[in-house]
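Structure assessment
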Amino acid sequence: PILIRRLGLTSSQIGKIYRCFRKIDEDGSGQIDMPEFFKMIDTLDTPFMRTLVDKMVFDMVDIDNDGQLDFNEFLLASALVCSFSKDELLGFIFETFDEDNSGIISVDELKNLVDAILTMGSALFPSDFMSVMNSFDANNDGGIDYGEFLTMSKKYPVIFFPAMRMQDTFQRKTLGDTWIRIEERYHKKEYDRVSGDVSRMMSLRANLNADFKKKR
């Protein structure tokens with residue numbers, strides 16, 4: 001896959017990811033299902049995390065749509081998730097809940113996000129989603145755009161901790177600190193290409209993933 005080549009993963013690193021895959025595949029089926037994946041990332045299967053894992057991992061790389069990941073799919077998932085910058089990860093969360101791809105999170109979409117967050121028992125986040133909307137909708141357009149979403153993430157970082165922890169665990173169980181060097185090298189090269197525009201970076205990743213699916 002193009003993304004694997006652009007990240008510069010070596011055969012040794014791919015072999016290490018394969019050994020990780022074998023450990024996660026507890027039933028030896030050659031596939032990783034959702035429960036096995038959640039066990040690997042050591043994260044509670046909450047609605048918020050289920051939505052993120054669905055969108056960020058399974059929907060992105062489950063080529064045959066069987067709800068499981070074979071090794072090639074797991075390898076691409078590793079490359080995608082483990083090389084995300086923090087801004088990209090937040091961007092992905094934003095895009096996940098911007099269900100109509102309008103560029104803003106609407107009242108209904110924000111309600112879905114707040115409901116998902118509250119199932120995690122976060123007492124630090126307001127239960128009244130309209131108060132959240134009013135607090136962060138700086139331009140009064142009736143929605144939360146990406147800039148306003150980043151402001152929200154800074155005020156309530158705890159709500160995004162499970163997603164950050166998922167990425168950290170995924171990195172640690174595959175290539176560990178090597179991902180830091182891979183991420184730095186990749187982002188320097190790719191961000192130069194898109195002038196640091198996170199939305200264009202996300203689009204680039206989507207195109208790479210589409211290319212992977214097409215060539216499988």
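Residues numbered from 1 in each chain as written. Predicted model: local features only at pLDDT ≥ 70, side-chain atom pairs only at ≥ 80, totals over all residues. Heavy atoms only, no water.

Where an unreviewed UniProt entry is consulted, the protein chain appears under the name EF-hand domain-containing protein, with the organism given as Octactis speculum.

Attention shifts here to the overall build of the protein chain. Within the protein chain one finds 12 helices and two strands. Ordered by position in the sequence, the α and β elements of the protein chain form the string α-α-α-α-α-α-β-α-α-β-α-α-α-α. In the protein chain, the proportion of contacts linking residues at least 24 apart, taken out of those at least 6 apart, comes to 66%. Accessible area of the protein chain: about 10400 Å², with a carbon and sulfur share of 51%. (Helix = DSSP H or I, 4+ residues; strand = E, 2+ residues; numbered from the N terminus. Contact = heavy atoms within 4.5 Å. Areas by Shrake-Rupley, 256 points an atom, 1.4 Å probe, with all protein chains shown as cover.)

Moving on, we get to the packing of helix α4 (residues 47-61) against helix α6 (residues 86-97). Running from amino to carboxyl end, α4 crosses α6 at an angle of 100°, the nearest separation of the two axes being 10 Å. What the angle tells us is that α4 and α6 run roughly perpendicular. Across the interface between the two elements, Phe 48, Thr 51, Leu 52, Lys 55, Met 56 and Met 60 of α4 pack against Leu 89, Phe 92, Ile 93, Thr 96 and Phe 97 of α6. Here the residues of the contact of α4 with α6 are counted per class, giving eight nonpolar, two polar and one charged. (Axes fitted to C-alpha atoms, helices over the stretch in contact; angles between N-to-C directions. Parallel < 35°, antiparallel > 145°, perpendicular 65-115°, else oblique. Nonpolar A, V, L, I, M, F, W, Y, C, P; charged D, E, K, R; others polar.)

Bringing the packing of α6 against helix α9 (residues 146-155) into the picture now. In contact at an axis separation of 11 Å, α6 and α9 are set at 115° when each is read in the N-to-C sense. When the interaxial angle is binned, α6 and α9 end up roughly perpendicular. For the element pair α6 and α9, the recorded crossing hand is right-handed. Across the interface between the two elements, Asp 87, Leu 90, Gly 91, Ile 93 and Phe 94 from α6 touch Tyr 146, Phe 149, Leu 150 and Ser 153 from α9. In terms of residue class, the contact of α6 with α9 is made up of six nonpolar, two polar and one charged. (Left-handed = near helix turned anticlockwise from the far one by under 90°.)

If you add up the space inside the largest pocket, you get close to 230 Å³. Lining the largest pocket are Lys 55, Asp 59, Met 60, Phe 92, Glu 95, Thr 96, Asp 98, Glu 99 and Asn 101. Contributing elements (two or more residues each) for the lining of the largest pocket: α4 and α6. Class assignment of the residues belonging to the lining of the largest pocket gives a composition of two nonpolar, two polar and five charged. (1 Å grid on protein atoms, 1.4 Å probe; cavity = no way out; pocket = protein on both sides within 12 Å on 5 of 7 lines; lining within 4 Å. Points joined across faces, edges and corners; volume = space filled by probe spheres on them.)

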